[in-house]
Amino acid sequence: MKKIRTHVEEWFRDIPDSEQKQAIQEEITQNLEEKVFDLMRTGKSEEDATNKAIVEFGDISDIKLELGVNNGSGISAKDVRKRFGLHLGFSIWGSCLIIAFFIFINFYYSPDTIWFVYPTFAVLWWPLVMFYKWLGWK
Amino acid sequence: MIRSDIIRGHLDAIILRLIYEQDRYGYEISKEISERTDDRFQIKEATLYAVFQRLERKELIESYMGDVSHGSKRRYYKITKLGRAYLKETVEEWNEIKEIVNIFMEGL
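Residues numbered from 1 in each chain as written. Chains lettered and ligands numbered in written order. Predicted model: local features only at pLDDT ≥ 70, side-chain atom pairs only at ≥ 80, totals over all residues. Heavy atoms only, no water.

- Per an unreviewed UniProt entry, chain B goes by PadR family transcriptional regulator and derives from Paenibacillus taihuensis.

- Chain A is annotated in an unreviewed UniProt entry as 2TM domain-containing protein from Paenibacillus taihuensis.

Let's talk about the packing of helix α2 (residues 11-21) of chain B against helix α4 (residues 45-57) of chain B
Residue and element names in this part refer to chain B.
Inference 1: Two elements in contact, α2 and α4, have axes whose closest approach is 10 Å; the angle formed by their N-to-C orientations is 80°. Comparing their axes, α4 and α2 come out roughly perpendicular. Facing Leu-11, Asp-12, Ile-15, Leu-16 and Ile-19 of α2, the residues of α4 in contact are Thr-47, Leu-48, Val-51, Phe-52, Arg-54 and Leu-55.
Inference 2: Looking at side-chain class alone, the contact of α2 with α4 contains eight nonpolar, one polar and two charged residues. (Axes fitted to C-alpha atoms, helices over the stretch in contact; angles between N-to-C directions. Helix = DSSP H or I, 4+ residues; strand = E, 2+ residues; numbered from the N terminus. Parallel < 35°, antiparallel > 145°, perpendicular 65-115°, else oblique. Contact = heavy atoms within 4.5 Å. Nonpolar A, V, L, I, M, F, W, Y, C, P; charged D, E, K, R; others polar.)

As for the packing of aromatic side chains
Residue and element names in this part refer to chain A.
Inference 1: Taken as a whole, this structure holds 13 aromatic pairs over all chains when the rule is applied.
Inference 2: For the pair Phe-102 and Trp-115, a centre-to-centre distance of 6.3 Å together with 80° between the ring planes defines the contact as edge-to-face. One end of the pair, Phe-102, is in helix α4 (residues 61-109); the other, Trp-115, is in the loop between α4 and α5 (117-135), with 13 residues separating them in the sequence.
Inference 3: Classification of Trp-115 as partly exposed rests on a relative accessible area of 27%.
Inference 4: Where Tyr-108 meets Tyr-109, the ring centres are 5.0 Å apart and the plane angle is 75°; that geometry is what we call edge-to-face.
Inference 5: Taking the relative accessible area as the measure of exposure, Tyr-108 reaches 57% and is therefore exposed.
Inference 6: Taken together, Phe-101, Phe-102 and Trp-115 form an aromatic cluster joined through their ring pairs. (Phe/Tyr/Trp six-rings, centres within 6.5 Å; stacked < 30°, edge-to-face > 60°. Buried < 20%, exposed > 50% of the residue type's maximum accessible area, 1.4 Å probe, protein only.)

Section: the UniProt feature "transmembrane region" (unreviewed entry) in chain A
All names here are of chain A.
Inference 1: Taking the UniProt record as the reference, the feature "transmembrane region" (unreviewed entry) is found at residues 88-109 and 115-135.
Inference 2: Between the C-alpha atoms that bound residues 88-109 the distance is 32 Å, and the span itself is 100% helix and 0% strand.
Inference 3: In residues 115-135, helix accounts for 90% and strand for 0%; the two terminal C-alpha atoms are 32 Å from one another. (UniProt positions renumbered as here; feature names shortened; annotations may be inferred.)

Things to note about the interface of chain A and chain B
Inference 1: With 23 residues of chain A at the contact, the number on the chain B side is 22 residues.
Inference 2: For the pair chain A and chain B, the two sides together bury roughly 2,100 Å², of which 47% comes from carbon and sulfur.
Inference 3: It is A:Glu27, A:Glu34 and A:Glu66 that lose the most area in chain A upon contact with chain B, and together they represent 28% of the buried surface on that side.
Inference 4: The interface formed by chain A and chain B contains four salt bridges.
Inference 5: A salt bridge links B:Arg75 to A:Glu27; the shortest N-O distance between them is 3.9 Å.
Inference 6: Elements that contribute at least two residues to the side of chain A that touches chain B include exactly α2 (19-41) and α4 of chain A. (Buried area = accessible area lost by both parts, 1.4 Å probe. Salt bridge = Lys/Arg side-chain N within 4 Å of Asp/Glu carboxyl O.)

A word on the environment of B:Gln53
Inference 1: Tracing the backbone through its elements, the reader meets B:Gln53 in helix α4.
Inference 2: C-alpha separation for the pair B:Gln53 and B:Ala13, spaced 40 residues apart in sequence, amounts to 14 Å.
Inference 3: Apart from the residues within four sequence positions on either side, B:Gln53 is in contact with A:Gln20, A:Ile24, A:Glu66 and A:Leu67.

Quick look at the pattern of salt bridges
Inference 1: For the structure on display, the rule yields 20 salt bridges over all chains.
Inference 2: Here A:Glu56 ties to A:Lys52 by a salt bridge, and the two come within 2.7 Å at their closest N and O atoms. Of this pair, A:Glu56 and A:Lys52 both sit in helix α3 (residues 46-56), four residues apart, roughly one helical turn.
Inference 3: Judged by its relative accessible area of 31%, A:Lys52 is partly exposed.
Inference 4: B:Glu62 is the partner of B:Lys78 in a salt bridge, and the nearest nitrogen-oxygen pair spans 3.9 Å. One end of the pair, B:Lys78, is in strand β3 (residues 72-79); the other, B:Glu62, is in strand β2 (residues 61-69), and 16 residues separate them in sequence.

Given below as structure tokens:
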């Protein structure tokens, strides 16, 4: 029976530990062991029965998908926020500095013509895009 | 054995139906499916537990720990109110689909 347990552990090895994983692993082990007992009752040796149960189990990826979907959806939105938070901060600081630079040149060299608003509008697209990315819009 | 990809789309309903009849545990369900279909359809355990996860997440079934067998406890599944409603709807839908497909499949 130890073989079953080892196999189940092997199947679940690359799934991150969680209470849910523990529970489903325990359940599968218990059910497979019961299947092995049933097969042995029909006259199979323990080894044959164990092998049959393991082979018939099927593709573990279905379960992985279900377990993965569970954890995945919650993290992704938060992840996006965290990643674009930095981009947003950088874009705000960057555009402020660029705009300040244009204002300085404008008023220092040509105070009679107000032209700094034109590059300012162009630069403002940068933090605007980052803001919407941060909100999670495509 | 028949192609399982067509049945696959109806597995949720098949398993819900079995749990609807009485609370059951995993191995019991796979045995029941094989028995009722005279081994013409056998569900892979991996698929079965994936379905359990999905149904539980959708709150169509819930689980609890039951009696002890071979040294460890069995996990039983029980249908919820939502599960009953869902099953009823699925059965109606299935009857409709069956009629439509039959229009083209019957009589040949």
